[in-house]
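# Residue-level structure breakdown
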Amino acid sequence: MAGYKARLERDLDRWIEDGLVPVRNREAMLASVADGRRVDASVALAVIGALLLGVAAVAFVAANWDVIPRLARFGLILSVFLAVVGAASWFSKDGTRPILTNTLLSVAALIYAGAIGLTGQIFDIAGDPQRALRSAGLAAGLLALAGRSSGAGVAALALICLGEFAGGFDKEESRWLIFAAPVGMALAWLWNSKPLAHASSVALIIGLIAVLALYEQTWGASGLVAGGVVLGLLAGAARQLSDRRTAVIFFLWFVWGALALFAVGGFDDLKGAYLIAHRAAWLVVAGGVIALGMHDRQGMVTAAGVVAIIAGVCTILFDLGLGLMTAAGLFAACALIALAAGFLTRGRRVKA
Amino acid sequence: MIRRLPLRILGAGLLLVAVLVGLVIFESRARTAGREVVLAMEAVDPRSLLTGHYVSLRLTQGLPTGQRCPPRTQPISEGGWLALRATGGQHRFVGAAPTREAAKAFGGDVLVKGGVYCSRMAIGDAGAKAEAVTLDIGVDRFHAAQAEAEAMEKVLQRRVGDDAAPAFAVVSVGDDGRARLKGVILDGKRTDLSWW
């Protein structure tokens, strides 16, 4: 796929031919645009090779696990972890191999998570799975901060997220993800990292749901609706903040999250006028999101609005108590409309 | 910034290793320093005892005549306390309470953090039912090499029925009330956890 510089090169040649740009400016203009960082085949193969080597080593150790003394097993685990961290440190020296450093730190974060579990097993240390996962998440976070590693940051959020659901999720327990996600978002912003922006946005939505679950008995469905409103406000803030890709990613995810929470919040408790108000607001908001997505030329936002409006119409049909066959026909009609709209949108984009 | 990056990465790695080593040393010391308690254990289900290379432990003991089950199940997550009393070479459950102070009132000589639930167990050919309690003190498995784990499973299987082989979990209870597994006793043979 051609990068921006390649596209600019083609356009420049055309503009020079048309006399719009002097030919003497061509090189200076191209030089002012930095080459996009690319992952070539050799780097990709090296990364895959390193990962497969790691898997082979793990399988070899697993096959001989029983004959290795406990202390030696523990030493082996720590040595593997330190070797990977050492390699990451080595390759980060001149800053020319950021992808390799990032990959190695992500692997180190996962090895450390495994090391926590294996240490518990080797020395029969009874532990709480939630605490183990959160500790592994904190360790991954430390590696992420130390090495500016977005991969380790994603691992940290994933481990803390798993920790949120390990153990009794329904019980009144602490919640970590809602605090970890904004830290991830801040780092994604500082490092301009797209993977971390995606992971932290999703983490914030899941973290919010986890917090709302704590107060489900007290707040009921209104908590979910309020959560949807909060995400909607965050989406608006992200949109206003900047045109940077990181902010756009936050915006996209929060729009989807806001619509989902708002929709789910209206399923259980609402009755009478509140139910009608919720459904009406659902349709209005979905329509607004479609308009916003088209205005901002953000396909994913438009898609969120289309999905929300289809879901809203279907829900209203169910509310009205239509038969399954009628509902199936309307679902099919909505699906066809959505497909046709998608086809037309794609056609326009290709022409543009 | 870039020049300090390798040192920062290495420093973080060493710090994490130190934390893990510290945890092992702390747990090992706490296990040695705690008060040793021997608790009866039984097989959960002979067919599903082994998952990987560990033996599942269930600390179930019948209650003597006259002692009633606790009125409600107390999950370990509630952070409650159990009172245990040494009787005939092992420790037996005497009561459960939400706080340490309340558990002291049962007159046990060891207080341990944990939960308890009540069950009925069959006794003798007639299948008479007696009340029993299962203790949840956070110790539910014993990791061992495959051959060792299979041998332990066989002994635990023989416990099913009247001709029960003696099987006990040896745990260390620290001042903080936390139980840590020290080893198991099967058929009179004690296997302790060690560094090796």
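Computed from a prediction, not measured in an experiment: that's the story for all the values here. (Residues numbered from 1 in each chain as written. Chains lettered and ligands numbered in written order. Predicted model: local features only at pLDDT ≥ 70, side-chain atom pairs only at ≥ 80, totals over all residues. Heavy atoms only, no water.)

## Overview of the side chain of R175 of chain A
All names here are of chain A. In this fold, R175 is placed in the loop between α7 (150-165) and α8 (177-191). Within the buried set, R175 has no salt-bridge partner at all; the shortest N-O distance to an opposite charge, 4.4 Å, is to E164. Within the structure, R175 has its side chain in polar contact with the backbone oxygen of A210 (distance 2.7 Å). (Helix = DSSP H or I, 4+ residues; strand = E, 2+ residues; numbered from the N terminus. Buried < 20%, exposed > 50% of the residue type's maximum accessible area, 1.4 Å probe, protein only. Lys, Arg positive; Asp, Glu negative; His and termini not counted. Salt bridge = Lys/Arg side-chain N within 4 Å of Asp/Glu carboxyl O. Polar contact = N/O pair within 3.5 Å; in protein donor to acceptor, adjacent residues only side chain to side chain.)

## Thoughts on the sheet that holds strand β5 (residues 90-97) of chain B
Residues and elements named next belong to chain B. Ordered by their spatial adjacency, three strands build an open sheet running β5-β4-β6, and the pairing between neighbours is antiparallel. Of all strands in the sheet, those bounded by a partner on one side alone are β5 and β6 (110-113). When the angles between neighbouring strand axes are averaged without regard to direction, this sheet yields 35°. The pairing of strand β4 (residues 81-87) with β6 spans four bridges and is antiparallel. For A83, the partnering residue across the bridge sits in β6 and is L111. (Pairing = 2+ DSSP bridges. Axes fitted to C-alpha atoms, helices over the stretch in contact; angles between N-to-C directions.)

## Quick notes on the state of the cysteines
All names here are of chain B. One pass over the structure, following the stated rule, counts one disulfide over all chains. Note that C69 is cross-linked by a disulfide to C118, the S-S spacing being 1.6 Å. Because the sign of the S-S torsion sets the handedness, a value of about 80° for the bond joining C69 and C118 places this disulfide among the right-handed ones. Of the two residues, C69 sits in the loop between β3 (59-62) and β4 while C118 sits in strand β7 (residues 115-123), which places them 49 residues apart along the sequence. (Disulfide = S-S within 2.5 Å.)

## Some details on the sheet that holds strand β12 (residues 189-192) of chain B
Residue and element names in this part refer to chain B. If you walk across this open sheet you meet the four strands as β1-β10-β11-β12, and the pairing is antiparallel. The open sheet terminates on both sides in strands that have one partner only, identified here as β1 (35-40) and β12. Neighbouring strand axes in the sheet, compared pairwise and without regard to direction, differ in orientation by 30° on average. This element, helix α1 (residues 5-33), spans β1, β10 (167-173) and β11 (179-186) of the sheet and lies at about 60° to β11. (Contact = heavy atoms within 4.5 Å.)

## Quick word on the interface of chain B and chain A
Taken together, the contact pairs 33 residues of chain B with 35 residues of chain A. Together chain B and chain A conceal approximately 3000 Å² of surface at their shared face, both sides included; 70% is due to carbon and sulfur atoms. Joining chain B to chain A, the criterion identifies zero salt bridges. Across the contact surface, chain B and chain A share four residue pairs in polar contact (both at pLDDT 80 or more). Looking at the side of chain B that touches chain A, the elements that each hand over two or more residues are α1 and β9 (141-143) of chain B. Split by residue class, the side of chain B that touches chain A holds 21 nonpolar, seven polar and five charged. (Buried area = accessible area lost by both parts, 1.4 Å probe. Nonpolar A, V, L, I, M, F, W, Y, C, P; charged D, E, K, R; others polar.)

## Describing the confidence of the model for chain A
Residues with a pLDDT of 70 or more make up 89% of chain A, whose mean pLDDT is 84. At the level of individual helices and strands, chain A shows its lowest average pLDDT in helix α15 (residues 324-351) of chain A, which scores 71, and its highest in α8 of chain A, which scores 94. (pLDDT = per-residue confidence, 0-100.)

## Remarks on the confidence of the model for chain B
Residue and element names in this part refer to chain B. Residues at a pLDDT of 70 or more form 80% of chain B, whose mean pLDDT is 79. The secondary structure element of chain B with the lowest average pLDDT is helix α3 (residues 146-158), at 71, and the one with the highest is α1, at 91. Between residues 45-52, whose pLDDT stays under 50, and residues either more than four places distant or in other chains, the model counts 14 contacts. Interface scoring of the predicted complex returns ipTM 0.74; its pTM is 0.76.

## What to know about the packing of helix α4 (residues 70-91) of chain A against helix α5 (residues 98-122) of chain A
Residue and element names in this part refer to chain A. For the pair α4 and α5, the least separation of the axes is 9 Å and the interaxial angle reads 165°. As the angle between them shows, α4 and α5 are arranged roughly antiparallel. The way α4 lies across α5 gives a crossing that is left-handed. Facing R70, R73, F74, I77, V80, F81, V84, V85, A87, A88 and F91 of α4, the residues of α5 in contact are L100, T101, L104, L105, V107, A108, I111, Y112, A115, L118, T119 and I122. Residues belonging to the contact of α4 with α5 are distributed by class as follows: 19 nonpolar, two polar and two charged. (Parallel < 35°, antiparallel > 145°, perpendicular 65-115°, else oblique. Left-handed = near helix turned anticlockwise from the far one by under 90°.)

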